[in-house]
Amino acid sequence: MTAEALSVPAVVAAAPAGTKTHCPYCGLQCAMKISGNGAADAEVAPRQFPTNKGGLCQKGWTAAEVLRNPNRLTTPLVRRDGVLTPTTWDDALDVVASGFARARREHGADAVGIFGGGGLTNEKAYQLGKFARVALGTSNIDYNGRFCMSSAAAAGIKSFGLDRGLPFPLADIGFARAIVILGGNVAETMPPMVGHLMTAARAGGLVVADPRRTATVERAVADGGVHLQLAPGTDMLLALGMAHIAVTEGYADLDYIADRTSGFDDFWRVAGQWWPERAERVTGVPVAAMRRTVALLAASRDNGTGAYILTARGAEQHSTGTDTVSAVIGLSLLLGLCGRKGSGYGCITGQGNGQGGREHGQKADQLPGYRKIADPAARAHVAKVWGIDPDDLPGPGQSAYELLESLGRPGGPKMLMVHGANLAVSAPRAGHIVDRLASLDMLVVNDFLLSETAAMADVVLPVLQWAEEEGTMTSLEGRVLRRRQAVPVAEGARSELEVLSELAIRLGQPAERFPTDPRVVFDELRRASAGGPADYTGVTYERLDNDEAIHWPCPEVGHPGTPRMFLQRFATDDGRAKFVAVDHHGPTEPVDAEFPLVCTTGRVLTHYQSGAQTRHVKALADAAGPMFVEVNTDTAERLGIADGAQVLMTSRRGSATAAARCVDSLRPDTVFLPFHYAGDQRANLLTNPALDPTSRMPEFKACAVRLEALEAVEVQ
Ligand SMILES: Nc1nc2c(c(=O)[nH]1)N[C@H]1C(S)=C(S)[C@@H](COP(=O)(O)OP(=O)(O)OC[C@H]3O[C@@H](n4cnc5c(=O)[nH]c(N)nc54)[C@H](O)[C@@H]3O)O[C@H]1N2
Ligand SMILES: Nc1nc2c(c(=O)[nH]1)N[C@H]1C(S)=C(S)[C@@H](COP(=O)(O)OP(=O)(O)OC[C@H]3O[C@@H](n4cnc5c(=O)[nH]c(N)nc54)[C@H](O)[C@@H]3O)O[C@H]1N2
Ligand code: SF4
Ligand SMILES: [Mo]
């Protein structure tokens, strides 16, 4: 049979010319317009929007390439005699549904797991959570957002009572004369955002904490800003050292602390021990640079131009990530920055729907509307919307890494279905996670490309990609946006809402409980979120089609939305922001004689995440070049490693290879690896899955390694 005969024709809607939508990749969700008659000639152009101000990065400009990629999956695949073999949708769905039924029958409901993604639309993320809890009855659902901003979310909830990455519109920071970014390289990870940093940068008030001299650091120092070149995993101490300066040198806002916060004394009991010289010894950041940073923030606050502190993955992806963000929030509160127009603390959320994806129930401990699954009132509300008994809802499940680690083990899932994550590349300690995935009775992957994880699967379901589907996304500033269909659906591929509906029906659910129209699903999401912290009741497709200006919470259709949160009160019981007392403890794995260097990981401009999509776009892959390890020139010389030479990198978890990229500007004790490459070039063969006790975030940003030259080279 030919692949054509096997594929089920999908409903092909005509593509309207010049469709307004948003970029498929990161959380900035740059506005774009897609023109052309279909995937073959689709072209992307930027649109004016307050976040991207008419700009796109190279990934956005080339996004249409993935729509016409010759490797696009359009036929379901089932592994037969060890080989992924084309089949019909009915056959593939039957195989998956009977796999679910068998695992449940033999080992109980928790024997099936679901792994979601922060790139899924709100509708898909919501339906995935419902599918897991209602159709499968499993508690085992979590998603890759756990690896992303979960530490900032946990700290935000502790201090503010609620987590919205940026509790203010991004454009607000464009007026500020002082912006401090801890562990974010936005010049590469969200290039159009740099436009909002320029007032601060030109005033010499852009401060970046990063062990590397990144493009963002270059932007800061070009006009006299500050580079805080700290040791990986010491952001908490940097924040506590600056808090010490703020209090002892008269920069703290005592009225604000008295009026709007609680817990200062407990916070200060610890922060008061970290006088700046002591913080300098551990962070490596000179006291003068800390002092300058605090003075810049305070001056800009006092002259009314505004001051912001932002964190991203560099500060957050540690086993101490939650406490680190608590320390940063503590510093922000001391300075009186939060819950006021023109200043604030925010977390730069990463994935396309990293914000919405964390609100609607694909997280292990969560129900839609950012409700807690352990809360009886939340269970009653959501069960009513879903038409089930609250007692039939499972309780909280395992966090992402713990879920992956338990696969195939006694008591752990025997079957896993993945939507929107390439775990074989992006999970910490990836070599081990691949073994766990291989131990499953059945692995099902929904994707539009044969990612490294899909290539391991027993069943691959070819789903739609961004420009083929309708839905909503919630950007890094909590603004709800419309993703619109701009090209006809690739023949043979099906929407994930259809996949979930077909599977639910096969598992005995009524069809009307799992609708396939995104608008219908969104209307149900609105009801499920009503009264919850992330309330979408007032957000409708009609309103969004008119004007994408609604930031949640939006509790009524007539409500304008909430661009700035906490202006009157924080979402805590007493309305005050809480200082959380935290103390420094460094990375879980200190360096030693055997593994003498700290390895940190992150991103480059032209690759996205596990690289599953961008490695297929030639212009992006060429621009990024091959896998590399950034290493200080002196360190490399000491190890006999020449610039460009192949290097073997080894940690306690495994080994990986890369070409050395020698730079003078990196700390000599640190090396940096991008995590976008596959095979034996995976940074995650090295990373340490030590988890943050609150957020369960793995320590992606610090593990101990050694480097050896793989090629004999002469070092001059
Ligand atoms: N080009 C590109 N853009 C992306 C993505 C992508 O894959 N590629 N992914 C998107 C997603 S999901 C996310 S989460 C965001 C992430 O956006 P960012 O957080 O900006 O990205 P990273 O490169 O992971 O980390 C930022 C910086 O942290 C530094 N760093 C490492 N360790 C430490 C530390 O201990 N402390 C401090 N202060 N800094 C440290 C690294 O050197 C790096 O420059 O980007 C989004 N945008
Ligand atoms: N060492 C190291 N590891 C890291 C990080 C780090 O900084 N360092 N960062 C972590 C972070 S912040 C993140 S967010 C993760 C990201 O890493 P992953 O979770 O692996 O994210 P992606 O590479 O975006 O994988 C998405 C996959 O889903 C597919 N896909 C895209 N859209 C859809 C969709 O709508 N539906 C379905 N079914 N599939 C879709 C893509 O083709 C791709 O194969 O990596 C984490 N891993
Ligand atoms: S910055 Fe992010 S949203 Fe904007 S074009 Fe680049 S990848 Fe897309
Ligand atoms: Mo992320």
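Before reading on, note that the structure itself is shown above.
Scope of this entry: the structure provided in the associated data block. (Residues numbered from 1 in each chain as written. Chains lettered and ligands numbered in written order. Predicted model: local features only at pLDDT ≥ 70, side-chain atom pairs only at ≥ 80, totals over all residues. Heavy atoms only, no water.)

Focus: the overall build of the chain
When you go through the chain residue by residue, the secondary structure sums to 25 helices and 29 strands. In terms of overall size, the chain behaves like a compact globule, its C-alpha atoms giving a radius of gyration of 24 Å where 716 residues would be expected to give roughly 27 Å. Taken along the three principal axes of its C-alpha coordinates, the chain extends 75 × 70 × 50 Å. Here the chain holds 716 residues, and 63% of them are scored as buried. Considering only contacts in the chain between residues 6 or more positions apart, those separated by 24 or more positions represent 73%. A gap of 3 Å separates the mean positions of the 70 positive and 80 negative side-chain charges of the chain. (Helix = DSSP H or I, 4+ residues; strand = E, 2+ residues; numbered from the N terminus. Rg over C-alpha atoms; globule rule 2.2 N^0.38 Å. Buried < 20%, exposed > 50% of the residue type's maximum accessible area, 1.4 Å probe, protein only. Contact = heavy atoms within 4.5 Å. Lys, Arg positive; Asp, Glu negative; His and termini not counted. Charge placed at Lys NZ, Arg CZ, Asp CG, Glu CD.)

Examining the site of ligand 2
In the vicinity of ligand 2, 30 residues are found, and the nearest of them are Asn-144, Ser-426, Asp-447, Glu-496 and Ser-610. Here an oxygen atom of ligand 2 sits 2.8 Å away from a polar atom, N or O, in the main chain of Asn-422. Protein chains shield 96% of the accessible area of ligand 2, which is 910 Å² for the free molecule. Residue composition of the shell around ligand 2, by class: ten nonpolar, 15 polar and five charged. Shared between two domains, the shell around ligand 2 holds at least three residues of each, these being domain 2 (77–147 + 353–551) and domain 4 (597–712). (Near = heavy atom within 4 Å. Polar contact = N/O pair within 3.5 Å; in protein donor to acceptor, adjacent residues only side chain to side chain. Areas by Shrake-Rupley, 256 points an atom, 1.4 Å probe, with all protein chains shown as cover. Nonpolar A, V, L, I, M, F, W, Y, C, P; charged D, E, K, R; others polar. Domains from an automatic or database assignment.)

Quick notes on the packing of helix H5 (residues 122–136) against helix H22 (residues 518–529)
Look at H5 against H22: their axes get within 9 Å of each other, and the N-to-C directions meet at 65 degrees. One finds that H5 runs roughly perpendicular with respect to H22. As for the relative orientation of H5 and H22, their crossing is left-handed in sense. Between H5 and H22, the contacting residues are Asn-122, Glu-123, Tyr-126, Gln-127 and Lys-130 on the first element and Pro-518, Val-521, Phe-522, Glu-524, Leu-525 and Ala-528 on the second. (Axes fitted to C-alpha atoms, helices over the stretch in contact; angles between N-to-C directions. Parallel < 35°, antiparallel > 145°, perpendicular 65-115°, else oblique. Left-handed = near helix turned anticlockwise from the far one by under 90°.)

Details of the nonpolar core
Where a protein is soluble and globular, its nonpolar side chains tend to be buried together. Core analysis: the biggest nonpolar cluster contains 117 residues, and Phe-100 and Phe-131 have the highest contact counts within it. When residues in this core are grouped by element, the largest group, nine residues, is from helix H10 (residues 235–248). For this core, the domains that each give at least three residues are domain 2 (77–147 + 353–551) and domain 3 (150–347). Not counting residues up to four positions away in its chain, the partners in contact with Phe-131 are Phe-100, Ile-114, Leu-136, Met-417, Leu-500, Leu-503, Ala-504, Leu-507 and Phe-514. In this structure, Cys-23, Phe-168, Ile-179 and Val-186 belong to the second largest nonpolar core, which totals 47 residues. (Core = buried A, V, L, I, M, F, W, Y, C linked by side-chain atoms within 4.5 Å.)

Quick look at the packing of aromatic side chains
The geometry of an aromatic ring pair comes down to the distance between the two centres and the angle between the two planes. One pass over the full model with this rule turns up 15 aromatic pairs. Between Phe-115 and Phe-147, the aromatic rings sit 6.3 Å apart at their centres with planes inclined by 40 degrees, giving tilted as the arrangement. Taken as a pair, Phe-115 in strand E6 (residues 112–116) and Phe-147 in the loop between strand E7 (141–143) and helix H6 (150–160) lie far apart in primary sequence, 32 residues in all. Pair check on accessibility: Phe-115 and Phe-147 agree, each one buried. The positively charged end of Arg-212 is found above the aromatic ring belonging to Phe-672, 3.5 Å away from the centroid. (Phe/Tyr/Trp six-rings, centres within 6.5 Å; stacked < 30°, edge-to-face > 60°. Lys NZ or Arg CZ within 6 Å of the ring centre and 35° of its normal.)

Observations regarding the sheet that holds strand E18 (residues 459–462)
Taken in spatial order, the seven strands of this open sheet run E5-E4-E18-E17-E16-E6-E7, and their pairing is mixed. The open sheet terminates on both sides in strands that have one partner only, identified here as strand E5 (83–86) and E7. For this sheet, the mean inter-axis angle between neighbouring strands, taken without regard to orientation, is 20 degrees. Taken strand by strand, helix H4 (residues 89–107) contacts strand E4 (77–80), E6, strand E16 (415–419), strand E17 (442–447) and E18, and its axis lies near 130 degrees from that of E18. Strand contacts of H5: E6, E7 and E16, with the helix running at about 170 degrees to E6, the strand carrying the most contacts. (Pairing = 2+ DSSP bridges.)

Some details on the sheet that holds strand E8 (residues 178–182)
Overall, parallel pairing links the five strands, which are arranged E10-E9-E8-E12-E13 in an open sheet. If you trace the sheet from one side to the other, it starts and ends with strand E10 (226–228) and strand E13 (343–347), each paired once. Strand after strand, the sheet turns through a mean of 10 degrees between neighbouring axes, direction not considered. Sheet topology places strand E9 (residues 206–209) next to E10; three bridges connect them, and they run parallel.

What to know about unusual backbone geometry
The peptide bond linking Trp-552 to Pro-553 adopts the cis configuration, its omega dihedral lying at -5 degrees. Position of Pro-553 relative to the elements: it lies in the loop between helix H23 (541–546) and strand E21 (577–578). The phi angle at Asp-81 is positive, at roughly 50 degrees, despite the residue not being glycine. Following the sequence through the fold, Asp-81 ends up in the loop between E4 and E5. For Asp-81, a relative accessible area of 82% corresponds to the exposed category. For Arg-429, which is not a glycine, the phi torsion comes out positive at approximately 50 degrees. Counting through the fold element by element, Arg-429 comes out in the loop between helix H19 (423–426) and helix H20 (430–438). We classify Arg-429 as partly exposed; its relative accessible area is 31%.

Quick notes on the state of the cysteines
In the structure shown here, the tally under the stated rule is zero disulfides. Cysteine Cys-347 is unpaired, with the sulfur of Cys-148 as its nearest cysteine sulfur at 7.5 Å. Cys-347 gets classed as buried once you look at its relative accessible area, which sits at 3%. (Disulfide = S-S within 2.5 Å.)

Points about the side chain of Gln-351
Relative to the helices and strands, Gln-351 is located in the loop between E13 and strand E14 (366–367). Looking at Gln-351, its side chain comes within polar contact range of the side chain of Asn-144, at 2.8 Å. Not counting chain neighbours up to four residues away, the residues in contact with Gln-351 comprise Tyr-25, Cys-26, Gly-27, Gly-118, Gly-119, Asn-144, Gly-145, Cys-148, Tyr-608 and Gln-609.

Comments concerning the site of ligand 3
All residues in the neighbourhood of ligand 3 are listed as Cys-23, Tyr-25, Cys-26, Gln-29, Cys-30, Leu-56, Cys-57, Lys-59, Gly-60, Met-190, Pro-191 and Pro-192. Grouping the amino acids of the shell around ligand 3 by side-chain chemistry returns nine nonpolar, two polar and one charged. Of the domains in this structure, domain 1 (3–67) and domain 3 (150–347) are the two that each give at least three residues to the shell around ligand 3.

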